[in-house]
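Residue-level structural notes
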Amino acid sequence: MEIFHNLYIGFVVAVHPVNVMYCFIGVILGTLIGVLPGIGPVATIAMLLPITFNLNPVAALIMLAGIYYGAQYGGSTTAILVNIPGESSSVVTCLDGYQMARQGRAGPALAIAALGSFFAGCVATLIIAVAAPPLAEVALKFGPAEYFSLMVFGLVAATVLAHGSLIKAIAMVLLGLLLGLVGTDVNSGVLRFTFGVPELSDGIGFVIVAMGMFGTAEIIANLELKDQREIFTSKVTHLYPTKQDLKDSWAAVLRGTALGSMLGILPGGGALLASFGAYTLEKKVSKHPERFGKGAIEGVAGPESANNAGAQTSFIPMLTLGIPSNAVMALMIGALMIQGIAPGPQVMNEKPELFWGLIASMWVGNLMLVVLNLPLIGMWVKLLTVPYRYLYPSILVFMAIGVFSLSNNAFDVLIMAVFGVLGYICVKLECEPAPMILGFILGPLMEENLRRAMLLSRGDPFVFVSPNKPISLAFLVASTILLVIVAMPAIRKKREEVFVEEG
Amino acid sequence: MLALCASTLALPQDWPSRPVHLVVPYAPGGPVDLSARLIAPKLQQALGQPVVVENKPGAGGNIGADFVAKSSPDGHTLVMGAIATHAINPALYPKLAYDPVRDFRHIALLVQVPNVLVVNNELPARSVAELVALAKRQPGKLDFASGSTGSTGHLAGELFKQITGTELVHVPYKGSAPAVADLLAGRVHLMFDNLASAAPNIQAGKLRALAVTTVRRSSFLPELPTLDESGLKGFEMTTWWGLMAPAKTPQPVVDRISQEALRAIESPDLRERWRAMGSELPGARTPAEFTAFVERERKLYAELVKRSGATVD
């Protein structure tokens, strides 16, 4: 019954008018910056930090958290409407969400993203409330060996992401891995492929690559097609999902929520895998995998739910261990430290109103987001009726501002342009960017963890399959099985159904 | 001659004539960024012009530092120069584009934070002496984690190895958070972590702190001995950062900012915030002392980096 008592404490804090107001400010700001391509929560929260110094820590944290998950909501809007993923998690939303928009179904895509996210957010909030401390222990079970094997599994499963040629998908994954090598080697500190450019020494930023490959490339490709773009909106039939849409997506929402909640707990890149994993899962279990990449609503519902669930559960390692999962969490820890509160194992006991208040406020915030976002859908869809000749320059400008704001460096904007050209070439060659992005994200993480695991085992490669590392062993066995399935001739026919695009 | 003196001593009439940019050569959210954002409003109030914090991260802080080194020296561009950009990196990066002493005016040392030697709870070492004995019994078996190659955590470990004659294996991470995760889980055995970020796990009994790396005990955890008093004579390392400007910034401007900055960090509210970061009031009090301090630190780390064998191409 303690849990009800705790939630009661939390809700008393969360529904306090002042906290409701900060929660509202947070989610509104978050939605806005999420919608604006490239302007991410990190830059926004950094700018707001000085304001939070003078706030009560609970209100400050509630607002910052609101910005974070609000941005996740908003990010999917841009992904669906104009094919620009602002966050690593929205990359897969582009795949089917944007196709839905092209078919005049932007409304249902946005609505299902909002509803799926809301459901996932509620479930994940409950999970945090019920089981945060034991789950934090689970997070600690993942060391370098486990992360490596998880990434291997992710990468093997990722070949399913493509809906065109398998060879091209693998080539794109490899290209992503190569690009991920740029930067400083974690183990030795040696610079790789930086060509004497100091800006490259931390590697190429994910947002920059994603904006170029998806956003800029899409704009170039669209400009080729002169007037076709206008057709988008003339086909709009309805703004909200039909019964069939809901029937198609409820299971995907459930699966996405479950997967996202699990992966979000892992601070070392788990949340990154959530939306990719959910998409792969949906495609695998679907009876009609050929619909994916052409506007399948499950392809939006699953990853969006996974992404939001992961965003919420990634608070677990931060709140219970003081370990941030990403840059935004690190900022929140910074904000709390300035207030004299250091997130860690003691926060829950010493500051119950902060811990439970934040958790309850996430539920309140998620509710606000869905109430806020559903009516906005009509407006977003209207945005598509703006003639493309006005729309695309503004998108480009916002992208440039967003990318510049990442580290106040014009070099990044240049890199985005380069990737725009590369992305356009890929469009022409019918090579899809999503597998490349996945390779780009996972490659460096995989290498880092592989080498760290080897360093810790003093060069013993059996550390990945040793019986005292059952998690790592399980992932590697699962990857092998998956590979065999893909390679086995008897199943090849089925695989071709998965991969071949136009029959 | 008189005219010359006057021109160098008087504050330029047109300064500050526009917003002052305070460049933080790191991503937002870290301690350097936080302290910049705390002190900016104070400087703004004192100087009567907006003081804008601008993050220019990259290359271990070198991009931001280099940007300011090459900015116009008119007192409108400042940088949070840190131990990494101004003491360690010059030794670590052979092709650094700036000189940490010649290309800067060192205005005010703002923050000095100790590192703390923490070990996993399961490790049978309750003191520095026991840790040294343990490491000597099993040479090459104990791992020490750090936030990156060439970080203070790494170099503190190297210095520890040297002084004690022990063999420890360095395991670098991308930032100190994942390193702490593996330390909590017991996959690595020890770490020299930033005091403020390690404190919650120490206080919760999840990690065992053995000593701080400064010669004086920290007021943050006063019961914790120093490495120096634990038998590692002369062990001293603090993470520090402070305000700097391009080399040709006029002396009166430097002096003025220095006074205002010191006044700011001695104000009661900032003192409270500084304490939360684990920072002591800095040792250097004037720009000249700060420059001497930077030179000393640079020599110290040049030596240490060379002996540790760490470099970046």
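Residues numbered from 1 in each chain as written. Chains lettered and ligands numbered in written order. Predicted model: local features only at pLDDT ≥ 70, side-chain atom pairs only at ≥ 80, totals over all residues.

**Considering the overall build of chain B**
Scanning chain B for helices and strands turns up 11 helices and 9 strands. Computed over its C-alpha atoms, the radius of gyration of chain B comes to 20 Å, within 12% of the 20 Å expected for a compact globule of 313 residues. Along the first, second and third principal axes, the C-alpha set of chain B runs to 70 × 40 × 30 Å. For chain B, the residues scored as buried account for 56% of the 313 residues in total. A sequence separation of at least 24 residues applies to 77% of the contacts in chain B between residues at least 6 apart. (Helix = DSSP H or I, 4+ residues; strand = E, 2+ residues; numbered from the N terminus. Rg over C-alpha atoms; globule rule 2.2 N^0.38 Å. Buried ≥ 20, exposed ≤ 12 C-beta atoms within 10 Å, placed from the backbone. Contact = placed C-beta atoms within 7 Å.)

**Focus on the overall build of chain A**
For chain A, the helix and strand inventory stands at 22 helices and 2 strands. Scaling as 2.2 N^0.38, a compact globule of 503 residues should have a C-alpha radius of gyration of about 23 Å, and chain A matches this with 22 Å. Summarising its shape, the C-alpha atoms of chain A cover approximately 60 × 60 × 50 Å along the three principal directions. Residue burial in chain A is summarised as follows: out of 503 residues, 57% are buried. Considering only intrachain contacts with a sequence separation of at least 6, the fraction spanning at least 24 residues in chain A is 79%.

**Overview of the interface of chain A and chain B**
Opposite the 43 residues of chain A that make contact, chain B presents 44 residues. When residues of the side of chain A that touches chain B are traced back to their parent elements, those giving at least two are helix 3 (41–53), helix 15 (327–338) and helix 20 (433–456) of chain A. The leading source of residues in the side of chain A that touches chain B is helix 15 of chain A, at 6 residues.

**Comments concerning the pairing of strand 2 (residues 51–55) of chain B**
Residues Val51(B), Val53(B) and Asn55(B) point to one face of strand 2 of chain B and are all buried, whereas Val52(B) and Glu54(B), pointing to the other face, are not buried. Assessed by its sense of winding, the connection that carries the chain from strand 1 (residues 20–24) of chain B through helix 2 (residues 31–47) of chain B to strand 2 of chain B is right-handed. (Right-handed = clockwise from strand over helix to strand, strands pointing away.)

**A look at unusual backbone geometry**
In this structure, Pro16(B) follows Trp15(B) across a cis peptide bond, with omega equal to -10°. Within the fold, Pro16(B) resides in the loop between helix 1 (2–9) and strand 1. Although it is not a glycine, Asn83(A) sits at a positive phi angle of roughly 65°. Inspection of the secondary structure puts Asn83(A) in the loop between helix 4 (57–82) and helix 5 (91–102). The residue Asn408(A) is not glycine, and still its phi comes out positive at about 50°. By the element assignment, Asn408(A) lies in the loop between helix 18 (388–407) and helix 19 (410–429). Taking the C-beta count within 10 Å as the criterion, Asn408(A) has 19 such neighbours and is therefore assigned partly exposed.

**Observations concerning helix 2 (residues 17–35) of chain A**
One turn of the α-helix equals 3.6 residues, which is why residues spaced by three or four share an orientation. All names here are of chain A. If you check helix 2, its first and last C-alpha atoms are 27 Å apart, about what 19 residues at 1.5 Å a residue would give, namely 27 Å. Restricting attention to buried positions, one finds in helix 2 the residues Asn-19, Tyr-22, Cys-23, Gly-26, Val-27, Leu-29, Gly-30, Thr-31, Ile-33, Gly-34 and Val-35. Those residues of helix 2 that are buried are in contact with helix 1 (2–14), helix 3, helix 4 and helix 17 (352–383). (Expected span 1.5 Å × (residues − 1).)

**Focus on the environment of Asn373(A)**
Residues and elements named next belong to chain A. Residue placement: Asn-373 occurs in helix 17. Among the residues examined, Asn-373 registers 24 C-beta atoms within 10 Å and is labelled buried. Between the C-alpha atoms of Asn-373 and Leu-414, which are 41 residues apart in sequence, the distance is 34 Å. The contact partners of Asn-373, leaving out residues within four places of it in the chain, are Tyr-73 and Ala-114.

**With respect to the domain arrangement of chain B**
All names here are of chain B. When cut into domains, chain B gives domain 1 (20–112 + 239–308) and domain 2 (114–212). Computed from C-alpha atoms alone, the centre-to-centre distance between domain 1 and domain 2 is 28 Å. Each side of the interface is counted separately: domain 1 has 11 residues, and domain 2 has 12 residues. The set of elements that each furnish at least two residues to the side of domain 1 that touches domain 2 consists of helix 4 (83–92) and helix 11 (287–308). (Domains from an automatic or database assignment.)

**Regarding the environment of Phe160(B)**
Looking at the element boundaries, Phe160(B) is found in helix 6 (residues 152–164). For the pair formed by Phe160(B) and Val132(B), sequence separation is 28 residues and the distance between their alpha carbons is 9.4 Å.

**Some words on the packing of helix 3 of chain A against helix 4 of chain A**
Residues and elements named next belong to chain A. Contact geometry of helix 3 with helix 4 gives a least axis separation of 11 Å together with a crossing angle of 165°. On the basis of the axis angle, helix 3 is roughly antiparallel to helix 4. Note that helix 3 runs across helix 4; the crossing there is right-handed. Counting all contacts with helix 3, which are made through Pro-41, Thr-44, Ile-45 and Thr-52, the residues of helix 4 involved are Ala-60, Leu-64, Ile-67, Tyr-68 and Ala-71. Here the contact of helix 3 with helix 4 is built from residues that sort into 7 nonpolar, 2 polar and no charged. (Axes fitted to C-alpha atoms, helices over the stretch in contact; angles between N-to-C directions. Parallel < 35°, antiparallel > 145°, perpendicular 65-115°, else oblique. Left-handed = near helix turned anticlockwise from the far one by under 90°. Nonpolar A, V, L, I, M, F, W, Y, C, P; charged D, E, K, R; others polar.)

**Considerations on the environment of Val386(A)**
Residues and elements named next belong to chain A. Counting through the fold element by element, Val-386 comes out in the loop between helix 17 and helix 18. For Val-386, a count of 12 C-beta atoms within 10 Å corresponds to the exposed category. Between the C-alpha atom of Val-386 and that of Val-253, which follows or precedes it by 133 residues, the distance is 32 Å.

**Quick look at the packing of helix 5 of chain A against helix 6 (residues 106–141) of chain A**
Residue and element names in this part refer to chain A. In contact at an axis separation of 7 Å, helix 5 and helix 6 are set at 140° when each is read in the N-to-C sense. Judged by the angle between their axes, helix 5 and helix 6 are oblique. Counting all contacts with helix 5, which are made through Thr-93, Gly-97, Met-100 and Ala-101, the residues of helix 6 involved are Ala-106, Pro-108, Ala-109 and Ala-113. Looking at side-chain class alone, the contact of helix 5 with helix 6 contains 6 nonpolar, 2 polar and no charged residues.

**Quick look at helix 17 of chain A**
Taking 1.5 Å of rise per residue, 32 residues should cover 46 Å, and helix 17 of chain A covers 44 Å from first to last C-alpha, within 8% of that figure. Its axis deflected by about 40° at Leu376(A), helix 17 of chain A carries its strongest bend there. (Bend = angle between axes of the 7 residues up to and from the residue.)

**Some points on the pairing of strand 8 (residues 207–212) of chain B**
Residues and elements named next belong to chain B. Counting buried positions over the 6 residues of strand 8 gives 5, a clear majority of the element. Where strand 4 (residues 104–120) lies against strand 8, 5 bridges are found, and the strand directions are antiparallel. By the bridge assignment, Val-119 is partnered in strand 8 with Arg-208. (Pairing = 2+ DSSP bridges.)

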